[in-house]
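An overview of the molecular structure
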Amino acid sequence: VQLQASGGGLVQAGGSLRLSCAASGRTFNRHTMAWFRQAPGKEREFVAAITWNGGRTHYADSVKGRFTISRGNAANTVYLQMSSLKPEDTAVYHCAGAGAQFTIPTDKSGAYHYWGQGTQVTVSS
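Below is a short write-up of the structure. (Residues numbered from 1 in each chain as written. Predicted model: local features only at pLDDT ≥ 70, side-chain atom pairs only at ≥ 80, totals over all residues. Heavy atoms only, no water.)

**Looking at the nonpolar core**
Counting 35 residues, the largest nonpolar core has W35, L80, M82 and Y93 as the members making the most contacts within it. Only β1 (2-6), β3 (17-24), β4 (33-38), β5 (45-50), β7 (67-71), β8 (77-82), β9 (91-98) and β11 (119-124) provide two or more residues apiece to this core. (Core = buried A, V, L, I, M, F, W, Y, C linked by side-chain atoms within 4.5 Å. Buried < 20%, exposed > 50% of the residue type's maximum accessible area, 1.4 Å probe, protein only. Helix = DSSP H or I, 4+ residues; strand = E, 2+ residues; numbered from the N terminus.)

**What about the pattern of salt bridges?**
All told, the structure shown has 5 salt bridges when counted by the stated rule. Residue K64 pairs with D61 through a salt bridge whose shortest N-O separation is 3.1 Å. Assigned by exposure class, K64 and D61 land together as exposed. One salt bridge connects D107 with K108, and the closest N-O pair in it is separated by 3.0 Å. Beyond isolated ion pairs, a larger network of salt bridges with shared partners links R37, E45, R66 and D89. (Salt bridge = Lys/Arg side-chain N within 4 Å of Asp/Glu carboxyl O.)

**Some remarks on the sheet that holds β7**
As summarised here, the arrangement of the 4 strands in space is β1-β3-β8-β7, forming an open sheet in which the pairing is antiparallel. If you trace the sheet from one side to the other, it starts and ends with β1 and β7, each paired once. Ignoring strand direction, the axes of neighbouring strands in this sheet form an average angle of 15°. Alignment of β1 against β3, held across 5 bridges, turns out to be antiparallel. Considered in β3, the bridge of L3 is made with A23. (Pairing = 2+ DSSP bridges. Axes fitted to C-alpha atoms, helices over the stretch in contact; angles between N-to-C directions.)

**Some thoughts on the packing of aromatic side chains**
Applying the stated criterion to the full structure yields 6 aromatic pairs. Between F36 and F46 the ring centres are 5.5 Å apart and the planes differ by 75°, which places this aromatic pair in the edge-to-face class. You can see F36 sitting in strand β4 and its partner F46 sitting in strand β5, a full 10 residues away along the chain. Classification of F46 by relative accessible area gives buried; the value is 10%. With a centroid separation of 6.4 Å and an interplanar angle of 75°, the aromatic rings of Y112 and W115 are classed as edge-to-face. A residue is classified by how much of its surface remains accessible, and Y112, at 4% relative accessible area, is buried. (Phe/Tyr/Trp six-rings, centres within 6.5 Å; stacked < 30°, edge-to-face > 60°.)

**A short note on the state of the cysteines**
In a disulfide, the sulfur atoms of two cysteines are covalently bonded to one another. Per the stated rule, a full pass over the model turns up 1 disulfide. Paired through a disulfide, C21 and C95 show a sulfur-sulfur distance of 2.0 Å. Between C21 and C95 the sulfur-sulfur dihedral comes to about 60°; the bridge is accordingly right-handed. Here C21, found in strand β3, pairs with C95, found in strand β9; they are 74 residues apart in sequence, far enough to count as distant. The same class applies to C21 as to C95, namely buried. (Disulfide = S-S within 2.5 Å.)

In short, geometric facts, not functional conclusions.
Here it is in structure tokens:
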């Protein structure tokens, strides 16, 4: 199972980026998927999650109103549209897939059994 994240890069504060995550090796069309991030010297933190059908989403307070998570038509893809980026958004962003089917979008990392390697997002001030 592979979760390949892409779309990261260097952007100025106030700018936008769109991250993509493509899953292979198994299907996630019945599973919640999520984005987490980890900045240097800090613990990994939850960013956003979305249910198997896109019907429910959950965001960290720090990104609410600025980031939007969505799923692709193939359901094995998930996106993170990031706007109004701030320097504190700088981190490696990882996508994750839940281990169980039909779960609610949770911020608990233990619910996610499948993880990608991540993509670097750097926001300059």
